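# Structural overview
For reference, the chains in residue letters:
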Amino acid sequence: MSTALPLAANLPVYADHRPITDAELASNGGKQRNLVLAILSTESSRLPQPIPESDWSVPADDTTAPPFLVGQVFVSGDASLSSKLAPFQSSLTTTQTVALDAVEEWTINSLNVYPHPFHIHFNDNYVVKVNGEAVTPFWADTLPVPPNGSITFRMRFTDYTGKYVWHCHALDHEDLGMMQLVNVIGTQKVIL
Ligand SMILES: [Cu+2]
């Protein structure tokens, strides 16, 4: 027996996936964060110079590394030009502190030609802009940050306090530094 699949528009909406409207964002403080994923030269002014000689970049004598990675640093952090980006192996770095039950809008920028797949644990992402242009909003779990572009999405930080990661989901990128911690602070609800 053949049956038609239901249209997406006719499926029930998961309660957590109700749209995050401008009004909801504004009534929760309208907090925005502008973050970046980047592969930079060790000489970059975005890094705290001088950087240590070891462990921060792929050394020239590493014969196992692809040549294009030599002298490069994989970083993530605050996109503002005045802030220094966290270095190699930054996954122990807490760079974003968020209040429990906050509703925020994050923009992730890529400074490279690689479409870094952005992922944050616990929170689904309600995408509202790509490259600064409004799109028909949609929910996602892992997002392709466009090459040399940006993606903007909203999140509700519910249910969980403590530290968890946001990162590029390309394994070599996250291992090399495109992974940092968010710390959610507040009084956790007891769920029975
Ligand atoms: Cu990446």
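Since this is a predicted model, take the numbers as computed values, not measurements.

Taken together, H116 (ND1), C168 (SG) and H173 (ND1) make up the protein donors of the copper ion, found 2.0 to 2.1 Å from the metal. Sequence positions of the residues that donate to the copper ion give the spacing H-x51-C-x4-H. With H116 in the loop between β4 (103–110) and β5 (117–120) and C168 in strand β10 (residues 162–168), this residue pair connects regions lying 52 residues apart in the sequence. Considered together, H116 and C168 belong to a single accessibility category, that of buried residues.

Right, let's get into the confidence of the model for the chain. When pLDDT is averaged along the chain, the result is 88; 93% of the residues meet or exceed 70. No element of the chain has a lower mean pLDDT than helix α2 (residues 171–176), which averages 85, and none a higher one than strand β6 (residues 125–130), which averages 98.

Looking now at the sheet that holds β5. On the basis of which strands lie adjacent, the open sheet formed by five strands has the order β3-β11-β10-β5-β8 and mixed pairing. The open sheet has two edge strands, β3 (94–99) and β8 (142–144), and neither has a second partner. Ignoring which end each strand starts from, the neighbouring axes of this sheet average 25 degrees apart. Sheet topology places β3 next to strand β11 (residues 179–185); five bridges connect them, and they run parallel. Across the sheet, Q96 pairs through a bridge with V182, a residue of β11.

You can see L37 is positioned in strand β1 (residues 31–41). C-alpha of L37 to C-alpha of W166: the two residues are 129 residues apart in sequence and 11 Å apart in space. Each residue touching L37, except ones within four places of it in the same chain, is listed here: V75, S76, I108, N109, S110, L111, N112, H116, V145, W166, C168 and M178.

Turning our eyes to something else, we now look at the packing of aromatic side chains. Under the criterion given, the structure shown has eight aromatic pairs. Here the aromatic rings of F118 and F153 are separated by 5.3 Å at their centres, their planes lie at 40 degrees, and the arrangement is tilted. You can see F118 sitting in strand β5 and its partner F153 sitting in strand β9 (residues 150–156), a full 35 residues away along the chain. Note on accessibility: F118 and F153 belong to one class, buried. One aromatic cluster in this structure is built from W106, F118, F153, F157 and W166.

It is worth spelling out the pattern of salt bridges at this point. Within this structure, the stated rule accounts for four salt bridges. The salt bridge involving R154 is made with D22; its shortest N-O contact spans 2.8 Å. With R154 in strand β9 and D22 in helix α1 (residues 22–27), this residue pair connects regions lying 132 residues apart in the sequence. Judged by relative accessible area, which is 56%, D22 ranks as exposed.

Procedures and definitions
Residues numbered from 1 in each chain as written. Predicted model: local features only at pLDDT ≥ 70, side-chain atom pairs only at ≥ 80, totals over all residues. Heavy atoms only, no water. Donors = N, O, S within 2.8 Å, 3.2 Å for Na, K, Ca; no water. Helix = DSSP H or I, 4+ residues; strand = E, 2+ residues; numbered from the N terminus. Buried < 20%, exposed > 50% of the residue type's maximum accessible area, 1.4 Å probe, protein only. pLDDT = per-residue confidence, 0-100. Pairing = 2+ DSSP bridges. Axes fitted to C-alpha atoms, helices over the stretch in contact; angles between N-to-C directions. Contact = heavy atoms within 4.5 Å. Phe/Tyr/Trp six-rings, centres within 6.5 Å; stacked < 30°, edge-to-face > 60°. Salt bridge = Lys/Arg side-chain N within 4 Å of Asp/Glu carboxyl O.

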